[in-house]
Amino acid sequence: MTFDLERFRTPPAKLRGAPFWSLNHDLTDHDRLREQIDAFAEMGIGGYHLHVRAGLQNDYLGEEFMAAISAARDYGASKGMLSYLYDEDTWPSGFAGGAVTTELTHRRNWVDLHKGQPPELISEYRQPLCAYRVKLDAKGRILDSQRIPYDDGDEECWFLTHVIAENNDRYNGAAYVDTLSTAAIDAFIASTHEVYRQHFGGEFPADIPAIFSDEPNFGPNATLAQPFGGRTTFAWTGDLRDSFHEAYSTELLDILPYIVWPTPSGPSPWRWRYWDHLSERFARAFGDRIGGWCGQHGIALTGHMLNEDSLTSQVASVGECMRQYRGFQIPGVDLLSDDYLPATVKQAVSVARQDGRDDVLSELYGVTNWDFPFSGHKLQGDWQAALGITLRVHHLAWLSMEGQSKRDFPAAIGPQSPWYREYSVVEDHFARVGAALTTGRPIVRIGVVHPVESIWLHRGVNSLDGPTSEQIEQDFKQTVDWLLEGAFDFDFIAESLLPQQENQTEKPVLKVGQMAYEVIVLPSMTTIRRSTLKSLKDFLKRGGTVVIMGTFPACFDGEQSHEPKQLLCDAKQISFNSMALCESLESWREISITNASGYPITTINHQLRQTGEERILFCSNRIRRDLESRPWDTFNHTSSIRVRGQWQVLELDTETGGESPCAYHQDYDWTVIPWECHPQSHRLLRLIPGAGQCDLLSIKWSVLGDCAEPISVTRNEPNVLLLDRPEWRMADESWHAAQDSMMTQLELSKRFNWPDWAQPYSVKDAGPKHRIDCRFTIICDADFAGVQLMCERLNEATITLDDRPLTALASGWWVDRDLPTMLLPTLTAGEHKLEISLELDAVNRHLEWCYLLGDFHVSIRGAHARLTSTLPIYWGNVVTQGLPFYGGNLDYECVIQIDSPDLYSLRCPNFGGSLLRVWCNDADCGPIAYAPYRAELGKLAVGKHHLRIRCYGNRANTFGTVHNNRPEWSWWGPPGWRLENEGRNDVWQLYPAGLTRAPMLERLATESAKANA
């Protein structure tokens, strides 16, 4: 088998991204669905997940809803696109929009352990179980426990209550599901998966490859802050006591206190047994059951768990993540914000590799805000691809921006963003990376035993268990970082899965499913399974290598024992540090990456694959930008990739789909490839066995100087004045002082007890309507004709301008079809009062910002804005040049003078936007999206040449959290608009926009690539 270059040039749709497509409005307009699918196709996207979000107006899984699903699927299929299903009304998966959990026995339930009588009253949702007399030592460690009847307890006792989740508008007036109950999950399958199957005639078409399950979990599981009082909770289900007794011949209620408190000699093994049992119950009830159904009916189960990001968080929510992935045909992860969490990816990828599954999904880009640039999309996707992600699920594309939808974790990865037609730059790259990294098999020689079960032993009382669990957490993160920073690829091994995965062999490897590891690393662990010990002991006998980092585990299966140390006596014990770890693994090294001084570059993620006799190597640099904060911070990007073996090297170009010669030479048993390792950069290399060398001239550029000021700067959309802080009143009340409309809406929601989450279709009684009047003051420095007003629900509004009634009738829309516009009379110089009245109720409860659109500039001083005449715009932040709220694209035109014929380039290192595109003399020179932010202009003759630079904007200053006063804020979702007190600032907090420095003209200079190797 050799590398398939044609597949690389034209990758299939399954290798392109498939965003969450937020079905958040009325779905009866099928033309609108088709229009957005056309936009997705133009973006280079391969499909979409039909994902219900807040704002759905049609009955979930009802006739109109299913008709929309079919319309979208049919049109997508006609364009060669894939339609992925989603199994829930919002998230987390399992309650079927509330249909499953109208039945109380199917609802999430737990037990609550409280010191003294709990304050809540006994009800159908809260039933007493028992009480405990718990004897603790002076440090709070358990000495003895006695279970007694609930009514016999006193205030020194701990009371155990069984709790069923009550009605909650977050679940459309129902509750979350009991994910430990097979009966509840069977009801979920019947009400969701079977409904979809029947709708498609009993068989899913090939262009519906998977159904997504989002954040299933079995919480709540709380811990005690300190041992002598407080409250803790445990996940529960109706027959948990029975299944626990069957497994351990013990009454769970009798030993429950030993799960809470550690003993003087250490944690009780009952902790380990409880969490192991709970994890298995969850896996069997949810993933195994739904995955089994999907396997029988020709559709893959995909999705991700809740709280995968750390050991502690995954234990609280799912027990352990890797066990849960066994039921998923396409395991997945969720990586919100722009966090680097390699262990999260490795958990899912490891199970997929071991179980022979081709794909691993990542829900990514969410919560990154409107201003997240293309470089961020590439960087975040690159490091995940290097670690094994094959399917990107963009969070989030919106059907509509009406109401709260525009605050549903922006940016909109779709036609509402002004850069959407350029997005194929990103998608083509990842489709071709995916084509390369789904060829052959991964080369991974190192296995790492996952230490999550050690957290089971150290979870109960934070003040007693917290230091140990935090140390395990820290050691886990360091182990992962040291391996990846040292360029050692690895897979995790889940102890709970190993007995079923292990294949017998006589070779000195540990065969885990389809993977074979030559060396096994035990990170910081306090317990290990007896079954794992046996596997490692046999592995050592066959000549394998086991590396123990730090101390040997002190327990097996949660019980204290010297057996781990005795059985692993032939293992190699090392100090717990990076140098010792890397030195112990040096014999298994496949690649290294060093800078010009010979030091390792620790910011590279890589994947190496075998395809026939050839190999594919992908390396990505996850550094976003060079940071020069001191005079001596200078950057030399010259580096080298060293690959074990003698290889002839070709470069695979993800932009064009082509293949080209690559500079390299061979140094004994290593092949050396030079790399100008800029931030966000990558290398995708094809390695063919054989001796050779290739010397190429590397392109270098010398800076000639800055471009002259632009001769024009043109908007692609009307300019914008944000109307966000009106005076307001209820009906005939007095006027309230001006404040952010969203804060007014929060006040009204509290006053009238409007729901925060309930879907519009689920609200059967919207209650009385309440008229809200908003009054804006508009100051004009000149006369302005042709100004438009954008006001949501415009046709329902009553509008006056300077006490003159206006006909509120939409004549168009701006950005999104649910943001309607109307023409205002000419605004003359001076002050104007614009009053807008709307009726709000429990469904139409959102009081949104309004906007003026037109050919004007906006001057802002503090929290005050005014319309001014347009003036020329220059290089620099356009926020201070009359465009503070503008979110569209800008075209800059300038002239450069060439004095000598040669090859030239343009470098634009500073801009506020998603990307740039450059034209020289009307010839397209391509995008500028990634470092080093350069576009080659080609060979230019002596004379003047015309440049056009388009800066693709974003909507951060238009719809974003412009009153958020937290510069450190990184969670860009609805709470970011609701901060109060010092978290809020009436003065607009705006992002720099446009070309914030002059572009730099560069001229070609060259030098030998081999000289830099």
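Residues numbered from 1 in each chain as written. Predicted model: local features only at pLDDT ≥ 70, side-chain atom pairs only at ≥ 80, totals over all residues. Heavy atoms only, no water.

Under an unreviewed UniProt entry, the name given to the protein chain is Glycoside hydrolase, and the source organism is Cerasicoccus arenae.

When its secondary structure is counted, the protein chain shows 21 helices and 56 strands. A globule of 1013 residues ought to have a C-alpha radius of gyration of about 31 Å, and the protein chain, at 31 Å, matches this closely. On the principal axes, the C-alpha backbone points of the protein chain span a range of 85 × 80 × 60 Å. Each of the 1013 residues in the protein chain was classed as buried or not, and the buried ones make up 63%. For the protein chain, long-range pairs separated by at least 24 residues make up 80% of all intrachain contacts whose partners lie at least 6 apart in sequence. Total accessible area on the protein chain is roughly 37500 Å²; 48% of this is exposed by carbon and sulfur atoms. Of note, the protein chain has its 94 positive side-chain charges centred 4 Å away from the centre of its 133 negative side-chain charges. (Helix = DSSP H or I, 4+ residues; strand = E, 2+ residues; numbered from the N terminus. Rg over C-alpha atoms; globule rule 2.2 N^0.38 Å. Buried < 20%, exposed > 50% of the residue type's maximum accessible area, 1.4 Å probe, protein only. Contact = heavy atoms within 4.5 Å. Areas by Shrake-Rupley, 256 points an atom, 1.4 Å probe, with all protein chains shown as cover. Lys, Arg positive; Asp, Glu negative; His and termini not counted. Charge placed at Lys NZ, Arg CZ, Asp CG, Glu CD.)

Orientation of helix H7 (residues 252-260) relative to helix H8 (residues 269-296), taken along the N-to-C sense of each, is 110°, at an axis distance of 8 Å. Comparing the axis directions of H7 and H8 gives the class roughly perpendicular. Crossing geometry of H7 relative to H8 is assigned as left-handed. Residue-level inspection shows Leu252, Ile255, Tyr258, Ile259 and Val260 of H7 in contact with H8, the latter providing Trp270, Arg271 and Tyr274. For the contact of H7 with H8, the per-class residue count stands at seven nonpolar, no polar and one charged. (Axes fitted to C-alpha atoms, helices over the stretch in contact; angles between N-to-C directions. Parallel < 35°, antiparallel > 145°, perpendicular 65-115°, else oblique. Left-handed = near helix turned anticlockwise from the far one by under 90°. Nonpolar A, V, L, I, M, F, W, Y, C, P; charged D, E, K, R; others polar.)

A few words now on the side chain of Asp816. Tracing the backbone shows Asp816 in strand E45 (residues 816-823). Of note is the side chain of Asp816, whose polar atom sits 3.3 Å from the side chain of Arg32. Within the local environment of Asp816, its side chain forms a polar contact with the backbone nitrogen of Met401, the two atoms lying 3.3 Å apart. Those residues in contact with Asp816, other than ones at most four positions away along the chain, are Arg32, Leu399, Ser400, Met401 and Gln416. (Polar contact = N/O pair within 3.5 Å; in protein donor to acceptor, adjacent residues only side chain to side chain.)

Quick look at the environment of Arg271 now. Relative to the helices and strands, Arg271 is located in helix H8. Using a relative accessible area of 0% as the deciding quantity, one classes Arg271 as buried. On a C-alpha basis, the gap between Arg271 and Leu256 in space is 8.7 Å, while along the polypeptide they are 15 residues apart. Those residues within four positions of Arg271 in sequence are excluded, and the remaining contacts are Tyr258, Ile259, Val260, Trp261, Pro262, Trp456, Leu457, His458, Arg459, Gly460, Val461 and Asp465. A polar contact is formed between the side chain of Arg271 and the backbone oxygen of Leu457, at a distance of 2.8 Å.

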